[in-house]
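# Working through the structure, step by step
Given next are the chains, with one letter for each unit.
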Amino acid sequence: AGVLGISMVTGLTACGSSDGTKVVFTTGFGKNEVFRIGDESCSKAEIMIYLTTTQNQYENVYGTEIWNTSLNGVTLARIAQIKTMYLLAKEKEVTLDEAEEAKVVQAAQEYYSSLNDTEIEAMGATEEIVENLYREYAMADKVYQLIIQDINPEISDDEARKITVQ
């Protein structure tokens, strides 16, 4: 909790865009609420699920000794990015179809059943929270794919040499 607090104080600032949307990290949150973006809130349980999942992914790839090396650590930026894309999906009225919703439910059940009692208690996880996280991620990914569908990822050598300075 202390590291998380220090990270939020030193690494995050209020941001704004030309349309007046702001992301503000401040005090005055509800119990176990870590941050809010618009009307979406991220709870301590959600943070713990993301962090535990990331920890497990690193350990599966690099082994448990990974924690004995120096890493930059996990930031809230990725979680905030997912929450922001989820809000954009809601704004654009992007929804999941029946097949996508079924995948969300199945993945959430599989994930939750893979947790042991200690992890569930430490994270404050519930099946409902896990399912909601999977749904938010799926909707965020869906809106992202819609946004980039018309973008050509190929860059010519001439375009790669151009530099724009503002």
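Higher on the page you've got the structure.
## With respect to the nonpolar core
In this structure, Phe-35, Ile-49 and Leu-115 are the most contacted members of the largest nonpolar core, which totals 29 residues. Looking at this core, the elements that each hand over two or more residues are β3 (33-37), α2 (44-62), α3 (77-91), α4 (98-114), α5 (117-123) and α6 (127-148). The element best represented in this core is α3, accounting for 7 residues.

## Brief notes about a nonpolar patch on the surface
Among the surface-exposed residues, Tyr-58, Val-61 and Tyr-62 lie close enough to one another that they form a single nonpolar patch of about 340 Å² accessible area. Within the secondary structure, Tyr-58 is located in helix α2. Of the residues examined, Tyr-58 reaches a relative accessible area of 34% and is grouped as partly exposed.

## Observations regarding the packing of α2 against α6
Packing of α2 against α6 brings their axes to within 10 Å, and their N-to-C directions diverge by 70°. As the angle between them shows, α2 and α6 are arranged roughly perpendicular. Contacts from Ala-45, Glu-46, Ile-49 and Tyr-50 of α2 reach α6 at Ile-129, Val-130, Asn-132, Leu-133 and Glu-136. For the contact of α2 with α6, the per-class residue count stands at 6 nonpolar, 1 polar and 2 charged.

## Examining unusual backbone geometry
Non-glycine residue Glu-93 carries a positive phi angle of around 55°. With respect to the element layout, Glu-93 can be found in the loop between α3 and α4.

## Thoughts on the side chain of Lys-83
By the element assignment, Lys-83 lies in helix α3. Side-chain polar atoms of Lys-83 contact the backbone oxygen of Ser-41, separated by 3.1 Å. Residues in contact with Lys-83, not counting those within four places in the same chain, are Phe-35, Ile-37, Glu-40, Ser-41, Cys-42, Glu-46 and Glu-136.

Thresholds, definitions, all that
- Residues numbered from 1 in each chain as written.
- Predicted model: local features only at pLDDT ≥ 70, side-chain atom pairs only at ≥ 80, totals over all residues.
- Heavy atoms only, no water.
- Core = buried A, V, L, I, M, F, W, Y, C linked by side-chain atoms within 4.5 Å.
- Buried < 20%, exposed > 50% of the residue type's maximum accessible area, 1.4 Å probe, protein only.
- Helix = DSSP H or I, 4+ residues; strand = E, 2+ residues; numbered from the N terminus.
- Patch = residues over 30% accessible without salt bridge, like charges linked within 9 Å, V, L, I, M, F, W, Y side chains within 5 Å.
- Areas by Shrake-Rupley, 256 points an atom, 1.4 Å probe, with all protein chains shown as cover.
- Salt bridge = Lys/Arg side-chain N within 4 Å of Asp/Glu carboxyl O.
- Axes fitted to C-alpha atoms, helices over the stretch in contact; angles between N-to-C directions.
- Parallel < 35°, antiparallel > 145°, perpendicular 65-115°, else oblique.
- Contact = heavy atoms within 4.5 Å.
- Nonpolar A, V, L, I, M, F, W, Y, C, P; charged D, E, K, R; others polar.
- Polar contact = N/O pair within 3.5 Å; in protein donor to acceptor, adjacent residues only side chain to side chain.

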